[in-house]
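Reading the structure
Spelled out from the first residue to the last, the chains are:
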Amino acid sequence: MANTTANGDASFNFDKFYNVIDGRLETTSKTRRGVNPSTLEPNPEVPVASRDDVDKAVHAAQRAFESWSQTPIEERRQALLAFAESLAEHTDDFANMLTIEQGKPLNHAKAEVDASVRWLTEQSKLPFPEEVIEDTEAQTVTTTYSPLGVAVAIVPWNFPLMLACGKIAPALLTGNVLILKPSPFTPYCGLKLGELAQRHFPPGVFQALSGDDDLGPMLTEHLGVNKISFTGSSATGKKIMQSCSKTLKRVTLELGGKDPAIICEDVDLATVVPQVTKFVWANSGQLCVAIKRIYVHTSIYRQFLDAFVKVTKSLVVGDGFNGVNLGPIQNEMQYNRVRAFLEDIERNNLKVAAGKENYIGDQKPGPGYFITPTVVDNPPDYSMIVREEPFGPVVPILQWETEDEIIRRANDTVYGLGASVWTKDMDRASRMSKRLKAGSVWINSHMLLHPLAPFGGHKESGLGSEWGAQGLKAYCNTQTFFWAKNNGGVH
Ligand code: NAD
């Protein structure tokens, strides 16, 4: 990699990676490397934070909180907006690194950087929440929101940059300080984000720590941490909640999903199939709000399946730098998890409508963790591929007949992240969508997100929500003031 970045900024390069603690770039005695999931070549060394590093970062954060929380909101807002601009100026560098570390196609990586800038910018423009509950001759009652203190953002490997930026803006705008902990599988962009941030925030306001599997628990257990904002699997979310319960830390959990898309019989297949295909295979299925179950009305099932399979078979899988549609699975553990689904499909003789005989492309595009998109034709509702989240390019297509039946089946899951209804009939769409138990419901679309719309899961897909005004409140304590206006405040 070059010593300077694409915009010629020599002091900021993507050759060396550091922890960012108290405004300084720090190395550690122990290091590790991520792996490029397309080539399986090792990526540069990254630090492995120790308990001492965690203590140092938390103490620096506590010191920084004293002044940052008292800094006028307009100053905090301007710092965040300037930070977002800096990120935008380095779009090509971050996108390049994202494709190297995460594997996604370069144009998708650029789209992730754009979304990161948008999530930073739009949320930073929000007014600080304050509510007047009553303002009468007798009293004024207002509720204000005060920052919690030291927040920790724990993010997964599928959208390492955008999910981090979604947490940075609300945390810092509301006067909290933040430590970012990227996934050990994708630490690179997160560390550079921390480094870039030092140009815009005082020391200790935004820090970044890379580590191994011990780092997350060290942060969730730490007495000096007040809030954990976690995005990742439901299994880890439960462990985090358990760990946070010991100190009653505030938690926001954005967890797994098994989103259903319900396709009614009146849709225009030529329009709908390419869209559904996009929402299934985006990021090779490694997306919390990807469509993970497709339910098609029985009267159009065969035509839908044929058209879906045709588009799916035309998709090119390979190294994200080679103009492909789908990159690899991000890491070996996840690759083996997706393989376990494929083995279950084979063991149970489920009908495979797209995917190779051994389910791995016969023209394997390289040594990486590549999997050919696989479509399972009408498996039973109890099968693993219908019930569990593969988080990879394998999807079941199923048939339905009546509205009551499909709503029951769509909701018959521990997850409740997203769901969609596809129909030309808006009354029907309204009726059906309101019965779906999910945090985001789309009509004739899926996966669309908005930085000002609260995002969160029902059931085991999460706890609380982030983004938008509600996202700001998730980083705050509420404080209600009662101003009595007569008889000296005695009632
Ligand atoms: P994961 O739960 O394995 O890891 C996520 C993060 O948690 C990583 O940074 C990891 O190092 C850390 N971690 C792991 N164990 C920990 C512990 N005990 N204490 C503290 N931190 C710990 O998830 P993943 O495999 O990286 O991501 C895939 C999952 O994330 C999928 O289930 C997907 O649906 C979900 N996801 C959800 C959303 C959402 O917004 N709801 C978005 C993206 C991904």
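Only a predicted model underlies this, so the values are computations on that prediction, with no experimental measurement involved.

A rise of 1.5 Å per residue sets the reference length of helix 11 (residues 332-347), with its 16 residues, at 22 Å; its end C-alpha atoms lie 22 Å apart and thus fit the reference within 8%. Here helix 11 has its buried residues at Gln 334, Tyr 335, Val 338, Phe 341, Leu 342, Asp 344 and Ile 345. For helix 11, the elements touching its buried residues are strand 14 (352-354), strand 15 (374-377), helix 12 (384-387) and strand 16 (394-400). Two or three places before Met 333, at the opening of helix 11, Asn 331 has a side-chain oxygen 3.2 Å from that residue's backbone nitrogen. Of the residues flanking the end of helix 11, it is Asn 349, one or two places downstream, whose phi is positive at about 50°.

One finds Ile 168, Ile 263, Ile 294 and Phe 308 to be the most contacted residues of the largest nonpolar core, which totals 112 residues. Summarising the domain contributions, this core has at least three residues from each of domain 1 (3-255 + 457-479) and domain 2 (259-443). Excluding residues within four positions of it along the chain, Phe 308 makes contact with Val 273, Val 276, Thr 277, Val 280, Trp 281, Ile 294, Val 375, Val 395 and Ile 397. Grouped together as the second largest cluster of nonpolar side chains are 26 residues, Ile 329, Ile 345, Val 376 and Ala 438 included.

A word on the packing of aromatic side chains. The full count for this structure, using the stated rule, is 15 aromatic pairs. Relative to Phe 17, the ring of Phe 14 has its centre 6.5 Å away and its plane inclined at 80°; by these criteria the two rings are edge-to-face. According to the relative accessible area criterion, Phe 17 is buried, its value standing at 5%. Consider the rings of Trp 157 and Phe 391, whose centres lie 5.4 Å apart with planes at 70°: the pair is edge-to-face. Residue Trp 157 is found in the loop between strand 7 (150-154) and helix 5 (160-173), and its partner Phe 391 is found in the loop between helix 12 and strand 16; the two are separated by 234 residues along the sequence. Its relative accessible area of 11% is what places Trp 157 among the buried residues. Three or more aromatic residues joined by ring pairs make a cluster, and in this case those are Phe 12, Phe 14, Phe 17, Phe 94 and Tyr 188. Here the guanidinium or amino end of Lys 104 rests over the ring plane of Phe 159, the centre of that ring lying 3.5 Å away. If you follow Lys 227 out to its NZ or CZ, it ends over the ring of Tyr 475, 5.1 Å from the centre.

Under the domain assignment used here, the protein contains domain 1 (3-255 + 457-479) and domain 2 (259-443). Using C-alpha coordinates to define each centre, domain 1 is positioned 31 Å away from domain 2. Counting residues at the interface gives 26 residues for domain 1, matched by 32 residues for domain 2. Summed over the three residues of domain 1 that lose the most area to domain 2, namely Ser 38, Trp 157 and Lys 459, the buried surface amounts to 24% of that side. Across the contact surface, domain 1 and domain 2 share zero salt bridges. At the boundary of domain 1 and domain 2, one finds 15 residue pairs in polar contact (both at pLDDT 80 or more).

The description of two packed helices rests on the angle between their axes and on the distance between the axes. One way to put it is that helix 2 (residues 73-89) packs onto helix 4 (residues 106-124) with a least axis distance of 9 Å and a crossing angle of 170°. As judged from the angle between their axes, helix 2 and helix 4 are roughly antiparallel. At the point where helix 2 passes helix 4, the crossing takes the left-handed sense. For the pair helix 2 and helix 4, contact is made by Arg 77, Leu 80, Leu 81, Phe 83, Ala 84, Leu 87 and Ala 88 and by Val 113, Ser 116, Val 117, Leu 120, Thr 121 and Ser 124, respectively. Looking at the contact of helix 2 with helix 4, its residues break down into nine nonpolar, three polar and one charged.

Thresholds, definitions, all that
- Residues numbered from 1 in each chain as written.
- Predicted model: local features only at pLDDT ≥ 70, side-chain atom pairs only at ≥ 80, totals over all residues.
- Heavy atoms only, no water.
- Helix = DSSP H or I, 4+ residues; strand = E, 2+ residues; numbered from the N terminus.
- Expected span 1.5 Å × (residues − 1).
- Buried < 20%, exposed > 50% of the residue type's maximum accessible area, 1.4 Å probe, protein only.
- Contact = heavy atoms within 4.5 Å.
- Polar contact = N/O pair within 3.5 Å; in protein donor to acceptor, adjacent residues only side chain to side chain.
- Core = buried A, V, L, I, M, F, W, Y, C linked by side-chain atoms within 4.5 Å.
- Domains from an automatic or database assignment.
- Phe/Tyr/Trp six-rings, centres within 6.5 Å; stacked < 30°, edge-to-face > 60°.
- Lys NZ or Arg CZ within 6 Å of the ring centre and 35° of its normal.
- Buried area = accessible area lost by both parts, 1.4 Å probe.
- Salt bridge = Lys/Arg side-chain N within 4 Å of Asp/Glu carboxyl O.
- Axes fitted to C-alpha atoms, helices over the stretch in contact; angles between N-to-C directions.
- Parallel < 35°, antiparallel > 145°, perpendicular 65-115°, else oblique.
- Left-handed = near helix turned anticlockwise from the far one by under 90°.
- Nonpolar A, V, L, I, M, F, W, Y, C, P; charged D, E, K, R; others polar.

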